[in-house]
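Read off the chains here:
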Amino acid sequence: MDFEDSPAEAAFRKEARAWLGRNAPLAARTDGPRAMFTSRGAADLPEARRFQQLLADARLTAITWPKEYGGRGGTVLEQVIFEEEAAPYDLPTSIFMVGMGLAGPTIIAHGTGEQKRRFLGPMLRGEEVWCQLFSEPGAGSDLAGMRTRAVRDGDTWVVSGQKVWNSGAQYSGWGIMPVRTDPDQPKHRGISYFLVDMGTPGIDVRPLRQMTGDAHFCEVFLDEVPIPAENLLGELNGGWAVTQTTLMNERMMIGGGGMGIDPAWLIELARGMSRGTGAASTDPLVRQQLADVYIRVELIRYLRFRTLTALGRGEVPGPEGSIIKLAMGQLLKRVGDLSLGIQGPNGAMLNGSAPAGGAWQLSFLASPSIRIAGGSDEIQRNIIGERVLGLPREPDPNRQLPFAQYASA
Ligand SMILES: Cc1cc2nc3c(=O)[nH]c(=O)nc-3n(C[C@H](O)[C@H](O)[C@H](O)COP(=O)(O)OP(=O)(O)OC[C@H]3O[C@@H](n4cnc5c(N)ncnc54)[C@H](O)[C@@H]3O)c2cc1C
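Because the structure is a prediction, the values reported are computed rather than measured.

K.L.:
Would you take a moment to explain a nonpolar patch on the surface for this structure?
P.N.:
A cluster of nonpolar side chains, contributed by Tyr 294, Ile 295 and Leu 299, occupies part of the molecular surface with about 330 Å² of accessible area. Mapped onto the elements of the fold, Ile 295 is located in helix H8 (residues 284–312).

Below, the structure written as structure tokens:
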């Protein structure tokens, strides 16, 4: 890959850097890994909306989306450049991640002209927040085993069932939701993908509290929820292909390096502790672990160039997304352990007197979730085994059978 920016990319980088310098708040260097882990709630929504609108006015959001729907019409590499430039800043826009990263690209790929006109503008201006209603109590890793069903009734589909682990569902106005529409077909067929107004009667959203103390996600119960037929995205019973578009974008979002870790944060933390209660920055074991984190960060950076090379050539990235996702989960676990280790007894104090003021403690408590969200470590290993190492595909004896033959929808 060519590591240098082209003249057009250099100009874009300059524009993004200058805009961020003028408009965005810098993140505190001792705040630890941020992005997915510092969950923002409804109280942060007004500020998130104000900032998203500023980004939209500057055409620095929806960078790859078509101009006719309010996007910039730019390249994936420009999107990556923006993310690189934005890394040192604390942008309040993570609340829009599902919309901008998952729902938007899926609507662009599969939506009708009318759906694109209706949904993309409010999404990119931050007027409507979206959530992802995919996982179910019995369908996470094996997502195609979903049982939430939709039955046609005139101009509407009536949906009943349960979704779970839905990030931000409690403050979302819209959701993306694949459900079973034909249980007589094998499980990967017979699924259709809907755009759901979360205010529809029959939807009950119940936040779930995690060990961080934060209710990052929810369970969502659907009891005879009417969805207008025009909210079907893509083909009837062809929803698995639409779902794959969303999942590919999710892997790229998580594996794209948006959760960049700067080892300098940990070095600063160790130096801060040395000035206070301990001598962490001169402890040989701590120094060795810092070197380990540094090496892993660099490895992920180089793995990421593989993805960028594919994107730069207009290709869809391959299983390297799974390798990065796996490596990122392991890195965050080590970063969490090390940051608390450096703080010694202070590490046990969530709101204590440690230099980080509790941010590292929250990162530590949240770090296991990255090894599950967006496909667990084991599932990433399966993908790597099958698509990188060429191992035999995992057996699924029911794959070709009608879903209703072995499961009740
Ligand atoms: C922070 C967070 C945010 C999330 N946000 C959302 C969201 O917004 N929307 C949404 O729909 N979902 C969301 N999820 C759900 C997430 O996608 C699922 O948790 C994940 O896919 C795993 O599914 P599961 O929880 O049902 O676990 P299961 O699939 O039941 O897995 C249980 C265990 O078995 C292992 N396992 C399962 N199958 C295999 C296999 N074939 N081979 C080897 N091991 C296997 C898994 O690795 C895991 O350890 C979120 C999860 C987290 C943690």
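K.L.:
What's the story with unusual backbone geometry in this structure? I'm lost.
P.N.:
Trans peptide bonds make up most of the peptide bonds, and negative phi angles are found at most residues other than glycine. Backbone geometry places Glu 224, a non-glycine residue, at a positive phi of 50°. For Glu 224, the position within the fold is in strand S7 (residues 217–228). Look at Glu 224 and you get exposed, because its relative accessible area is 56%. Backbone geometry at Asn 237 places phi at a positive 65°, although glycine is not the residue there. Take Asn 237: it is sitting in the loop between strand S8 (232–233) and helix H6 (239–255).

K.L.:
What am I meant to see in the site of the ligand here?
P.N.:
Taken together, 18 residues form the shell around the ligand, and within it Ser 135, Ser 141, Trp 165, Ser 376 and Glu 378 come nearest. Interatomic distance of 2.7 Å between a backbone N/O atom of Ser 135 and an oxygen atom of the ligand. The contact in question runs from an oxygen atom of the ligand to an N or O atom on the side chain of Ser 141, over 2.6 Å. In isolation the ligand offers 980 Å² of accessible surface; the protein chains occlude 70% of this area.

K.L.:
Sorry, what's going on with the side chain of Ser 376 here?
P.N.:
Here Ser 376 is to be found in the loop between helix H10 (359–370) and helix H11 (377–388). On the basis of relative accessibility, which here comes to 14%, the residue Ser 376 falls in the buried class. When neighbours within four sequence positions are excluded, Ser 376 is seen to be in contact with Ser 141 and Arg 371.

K.L.:
For this particular structure, what's the right way to read the packing of aromatic side chains?
P.N.:
Here the distance between the centres and the angle between the planes together describe a pair of aromatic rings. Applying the stated criterion to the full structure yields nine aromatic pairs. Within the aromatic cluster, the residues linked to one another by ring pairs are Phe 119, Trp 130 and Trp 174. Taking the ring centre of Phe 403 as reference, the NZ or CZ of Arg 180 above it sits at 3.5 Å. Of note, Arg 301 hangs over the ring of Tyr 302, and the distance from its end group to the ring centre comes to 5.1 Å.

K.L.:
Before we go on, may I ask you to explain the pattern of salt bridges in this structure?
P.N.:
Working definition: two side chains of opposite charge can pair if their charged atoms are close together. Taken as a whole and assessed by the stated rule, the structure comprises 19 salt bridges. One salt bridge in this structure joins Arg 117 and Glu 114, with 3.7 Å as the shortest N-O distance. You can see Arg 117 and its partner Glu 114 sitting in helix H5 (residues 113–124), three residues apart, about one turn around the helix. The exposed category is assigned to Arg 117, whose relative accessible area is 55%. Residue Asp 377 is joined to Arg 371 by a salt bridge in which the shortest nitrogen-to-oxygen separation is 2.8 Å.

K.L.:
Sorry, what's going on with the nonpolar core here?
P.N.:
It is characteristic of soluble globular proteins that their nonpolar side chains tend to be buried jointly. Counting residues in each nonpolar core, the largest one holds 34 residues, and the members touching the most others are Trp 65, Met 100, Ile 107, Met 123, Trp 130, Ile 176 and Leu 195. For this core, the elements supplying multiple residues, two or more each, are helix H2 (45–57), helix H4 (97–110), H5, strand S4 (174–180), strand S5 (191–197) and H6. If one sorts the elements of this core by residue count, H4 sits on top with five residues. Taken domain by domain, this core gets at least three of its residues from each of domain 1 (7–128) and domain 2 (131–237). If we ignore the near neighbours within four places in the chain, the residues touching Leu 195 are Ile 107, Gln 115, Phe 119, Trp 130, Trp 174, Gly 175, Ile 176, Ile 227, Asn 231 and Leu 233. If you look at the next biggest cluster of nonpolar residues, it comprises 23 residues, including Leu 303, Ile 324, Val 335 and Ile 342.

Thresholds applied
Counting of residues starts from 1 at the beginning of each chain's written sequence and follows it residue by residue. Owing to the predicted nature of the model, reporting of local features is limited to residues with pLDDT of at least 70; listing and counting of side-chain atom pairs is limited to 80 or more, with chain, interface and lining totals taken over all residues. With hydrogens and water stripped out, all remaining heavy atoms of the structure feed into the side-chain values. Each patch is built from residues lacking any salt bridge and having more than 30% relative accessible area; the joining distance is 9 Å for like charges and 5 Å for nonpolar side chains (Val, Leu, Ile, Met, Phe, Trp, Tyr). Note on areas: these come from Shrake-Rupley sampling with a 1.4 Å probe, and a residue is covered only by the protein chains present in the view. Salt bridges are defined by distance alone: a side-chain nitrogen of Lys or Arg within 4 Å of a carboxyl oxygen of Asp or Glu. Secondary structure counts use DSSP, requiring at least four H or I residues in a row for a helix and at least two E residues in a row for a strand, with both numbered from the N terminus. Any residue under 20% of the maximum accessible area for its type is buried, any over 50% is exposed, and the rest in between are partly exposed; the area is computed with a 1.4 Å probe on protein chains only. Any residue with at least one heavy atom within 4 Å of a molecule or strand is counted as near it. A 3.5 Å cut-off defines polar contacts: any pair of N or O atoms within that distance qualifies, except that in protein one atom must be a possible hydrogen donor and the other a possible acceptor, and neighbouring residues in sequence count only when both atoms are side-chain atoms. Residue contacts follow a heavy-atom distance rule, with two residues in contact if any of their heavy atoms lie within 4.5 Å. Any Phe, Tyr or Trp ring, taking Trp's six-membered ring, that has another such ring centre within 6.5 Å forms a pair; planes under 30 degrees apart are called stacked, those over 60 apart edge-to-face, and the others tilted. In this scheme, the term charge over a ring applies when either NZ of a lysine or CZ of an arginine sits within 6 Å of the ring centre and within 35 degrees of the ring normal. In this text, buried Ala, Val, Leu, Ile, Met, Phe, Trp, Tyr and Cys residues form a nonpolar core when linked through side-chain atoms within 4.5 Å. Residue ranges assigned to each domain were obtained from an automatic or database domain assignment.

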